[in-house]
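# Descriptive structure summary
Chain by chain, the residues:
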Amino acid sequence: MEYVVRFDTNEDREEEEFSDRWHYVDDHMHEGRAFCNGQVFGYGESAIEYEAKMGKITCPECIARIKAIKKVKL
């Protein structure tokens, strides 16, 4: 289980086109960000309406980026 977020609206308070996608949250910074596009969310960070929870990542872009990173050999 990962920390994931789903966006209900965008910054203009318009309904999000892909509101059924759960994005991996890149939270190593001070604010939460969607891993695929860097969208900032949270109280005082943006006007986006969102839901966050522990769950499964369903965003194809997040999954593709995670797979690409996992290919890197250290």
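What counts and what doesn't
Residues numbered from 1 in each chain as written. Predicted model: local features only at pLDDT ≥ 70, side-chain atom pairs only at ≥ 80, totals over all residues. Heavy atoms only, no water. Core = buried A, V, L, I, M, F, W, Y, C linked by side-chain atoms within 4.5 Å. Buried < 20%, exposed > 50% of the residue type's maximum accessible area, 1.4 Å probe, protein only. Contact = heavy atoms within 4.5 Å. Pairing = 2+ DSSP bridges. Helix = DSSP H or I, 4+ residues; strand = E, 2+ residues; numbered from the N terminus.

### Notes on the nonpolar core
In terms of nonpolar packing, the biggest core is built from seven residues, these being V4, W22, F35, C36, I57, C59 and C62. In contact with W22, other than residues within four places in its own chain, are V4, V5, R6, E51, K53, K56, I57, T58 and C59. F7, V25, A34 and I48 belong to the second-largest nonpolar core, a separate cluster that totals six residues.

### Digging into the sheet that holds strand β3 (residues 32–34)
Strand order in the open sheet formed by five strands is β4-β3-β2-β1-β5, and the pairing between neighbours is antiparallel. Each edge of the open sheet carries a strand with a single partner, namely β4 (40–41) and β5 (50–55). Here two bridges tie β3 to β4, and the two strands are oriented antiparallel to one another. The residue bridging R33 from the neighbouring strand is V40, located in β4.

### Considering the pairing of strand β2 (residues 23–26)
Sheet analysis places strand β1 (residues 2–7) next to β2, joined by two bridges and oriented antiparallel. Among the inter-strand pairings, V5 is bridged to a residue of β2, identified as H23. The sheet contact formed by β2 and β3 spans two bridges and is antiparallel. Within the sheet, the bridge partner assigned to V25 lies in β3 and is A34.

Nothing here speaks to function; it is geometry throughout.
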